[in-house]
Amino acid sequence: MNMPPILIAQSISKRFGATPLFNNLSYAVHDGDRVGLIGPNGAGKSTLLAILGGEQQCDTGEVSFRKGVRIGYIRQISEFKPEITVRRVIEDALERAAVPAATREQRLRETLGRAGFTESDTPGHPGMDRVAASLSGGWRKRLAIAEALVTDPDVLLLDEPTNHLDLDGIEWLEGLLRGASFAFVVVTHDRYFLENVASEVVELNRIYTSGLLRVKGSYSRFLEEREAYVEWQQRAQESLRNRVRVEMEWLRRGPKARTTKSKARIDSANTLISELRESESRTRSGTAGIAFDATGRQTKRLIEVENAAVAFGGTEILRGVHVTLMNGLKLGLAGANGSGKTTLLRAMTGEIALSAGEVRRAQGLRIVYFSQMRELDTSLTLRRTLAPDSDSVVYQGRAIHVASYAARFLFTGEQLNQPVERLSGGERARVLIARLMLQAADVLILDEPTNDLDIPTLEILEESLLEFPGALVLVTHDRYLLDRVTNAVLGLDGLGNAALFADYRQWETWRGEQIDASSAIAAEDTPQPAQTTAAAPAARRKLSYLEQREFDNLEERIDTADERLRAAEMQIEAAEIVTNPAALTAALAELEAAKAEHDSIYERWLELTEKVGG
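Residues numbered from 1 in each chain as written. Predicted model: local features only at pLDDT ≥ 70, side-chain atom pairs only at ≥ 80, totals over all residues. Heavy atoms only, no water.

**Remarks on the sheet that holds strand 11 (residues 315-326)**
Spatial strand order, 11-10-13: three strands in an open sheet with antiparallel pairing. Here the strands that pair on one side only, and so sit at the sheet edges, are strand 11 and strand 13 (356-361). The mean angle between the axes of side-by-side strands here comes to 15°, regardless of whether they run parallel or antiparallel. Bridge count for strand 10 (residues 301-312) against strand 11 is eight bridges, and the pairing is antiparallel. Paired with valine 310 across the two strands is leucine 318, which belongs to strand 11. (Pairing = 2+ DSSP bridges. Helix = DSSP H or I, 4+ residues; strand = E, 2+ residues; numbered from the N terminus. Axes fitted to C-alpha atoms, helices over the stretch in contact; angles between N-to-C directions.)

This is the structure:
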């Protein structure tokens, strides 16, 4: 027996003021659906998700639910009451779901454990008694997901869940959704995430006659189907345009007699003209005009970070960081939340002081910084946000009226006089990018610029960053953007260490090896039950078989690492390397890799030496 749909939306419409989001939309979610919901900013994705979750009402139409259905709904911003603990958040969710008291504690521990929470605070993992509001954005998102999962939902609705998760968090969520027994609908702009979790992609967009395009398969499959649909739509529109052209000619000639037949043809012609106007209106779409302005500076070395360390409150956030920014270098920073990415950016700009080491900046260096804090005075109108003192802006040395400049970022004349607080998250991101573009830059520093941007805008941003001739430093959880734009990645391990890699994939492989190595070492170092109390001290001083083999070979590995580091340091000083940007970038990468290997081997040698009491 086939189960009825979990939920059905029938002919629903929603508008805000005079602006329609969607009209006469029908949609159903069935058991096992794994849906990625995409669409341009302002299409109404979040509103549709809220309506499906019963959080908002539609203006017309109806949403019906299967009897007894359980829906988990996760908002874009995860907020919790002040002073409520992680444990209490889950306990309240279990109580609301009327879960039997006897099973609550076990379900709480299992759910929080899978989400990465521990009994008490441990490095990198908050404890169950932590105040929820004090968590980072990424951990608040994990808690919100755990809060929904603990009720055993039939369908999970997630609105931009990757926005505040770091790369580890995104991979955790991917694994959770791939193995899910429940249906889910996820609104996201993360293309790798879509490819990895969705078995069906739905685009909410007014260009489609029904308001949406639904394609079974991966995101890659969706792109193929959408391209075919657009081609068909263009052919159909051209055919309609030709028919209208014939009818217009007939109307201009004017029928000599107003017979019933001619009146019917006139009505038919007017209908065709209306259809064409509606079709052209639907398919008329704009793209944001993003293009960052460079100063054209010829200086090769823009920022040099040498042996940099930063400590706060006795805790070392970064140490031994070496990196040189030159024109054409597009550097990605990768690492978990709290690993020091934003700290390093602020040190590069001089916003915070180093505990050790040095940052050298070229004289008169112009840095443009996109902060993830998204600092905007939301009480100001869009007009005054872009042009504080007049009705024009200066872009690339030319005065442009603020309305024309705003239109490049898809803002209407009506929005110019509205306060920024009325704009969506994606629209506010476009405002920030628009302001940054008014400043010519030698170095462009972007800290999580992709949050809330739709996929079409992301694609334009990618092209602009690829064409930017200065130096770029990019922090983003968008793996597709990181892969496509950067030509080097500085990986931060969360323990203060940093190493340079050729690309994101290389860093990801290295990180996986480090995690595996740490797990293996932890397993070897786990004390075994002692046969007698007298034998225990001796067991603690003895190396395992694998450790002894490793220790015996360390001296040779140290000599090799020393030679590699000396060769890398000599190469970086060679005249033919310093004057060749491509060769210098490669030499810097080798130096960073040599230092990382050198430090790692020495640390391991010290660790094993202390263990045997040498």
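**With respect to helix 2 (residues 86-96)**
Since the α-helix advances by 3.6 residues per turn, residues separated by three or four positions end up pointing in the same direction. All buried positions along helix 2 are accounted for by Val86, Arg87, Val89, Ile90, Asp92, Ala93 and Leu94. Looking at the packing, one finds that the buried side of helix 2 touches helix 3 (101-114) and helix 4 (137-149). Looking one or two places after helix 2, you find alanine 98, whose phi comes out positive at around 55°. (Buried < 20%, exposed > 50% of the residue type's maximum accessible area, 1.4 Å probe, protein only. Contact = heavy atoms within 4.5 Å.)

**A closer look at the environment of glycine 72**
If you trace the backbone, glycine 72 turns up in strand 5 (residues 71-74). As for glycine 72 and leucine 158, which are separated by 86 residues in sequence, their C-alpha atoms are 8.3 Å apart. Setting aside residues up to four positions removed in sequence, glycine 72 forms contacts with Ala148, Pro153, Val155, Leu156 and Leu157.

**With respect to the pattern of salt bridges**
Per the counting criterion, the structure on display carries 37 salt bridges. Arginine 87 is the salt-bridge partner of glutamate 91, the closest N and O atoms lying 3.3 Å from each other. Placement of both glutamate 91 and arginine 87 in helix 2 is noted, with a separation of four residues, approximately one turn of the helix. A residue is classified by how much of its surface remains accessible, and arginine 87, at 16% relative accessible area, is buried. Between aspartate 121 and arginine 130 there is a salt bridge, and its shortest N-O distance comes to 3.2 Å. By relative accessible area, aspartate 121 is classed as partly exposed at 47%. (Salt bridge = Lys/Arg side-chain N within 4 Å of Asp/Glu carboxyl O.)

**Here we look at the packing of aromatic side chains**
For the coordinates displayed, the defined rule picks out seven aromatic pairs. Where tyrosine 208 meets tyrosine 229, the ring centres are 5.1 Å apart and the plane angle is 75°; that geometry is what we call edge-to-face. Of the two residues, tyrosine 208 is situated in the loop between strand 8 (200-204) and strand 9 (212-216) and tyrosine 229 in helix 7 (residues 219-253); the sequence distance between them amounts to 21 residues. We note that tyrosine 208, like tyrosine 229, is buried. Ring geometry for tyrosine 504 versus tryptophan 507: centroids 5.9 Å apart, planes at 40°, classification tilted. Here tryptophan 507 and tyrosine 504 lie together in helix 16 (residues 504-525), a separation of three residues that amounts to about one turn. For tyrosine 504, a relative accessible area of 0% puts it in the buried group. Note on tryptophan 507: relative accessible area 2%, which makes it buried. Connected via pairs of aromatic rings, a cluster forms that spans Tyr395, Tyr405 and Phe409. Directly above the aromatic system of tryptophan 172 lies the positively charged group of arginine 142, at a separation of 4.8 Å from the ring centroid. Geometry around phenylalanine 411 places arginine 430 over its ring, the cationic atom sitting 5.1 Å from the centre. (Phe/Tyr/Trp six-rings, centres within 6.5 Å; stacked < 30°, edge-to-face > 60°. Lys NZ or Arg CZ within 6 Å of the ring centre and 35° of its normal.)

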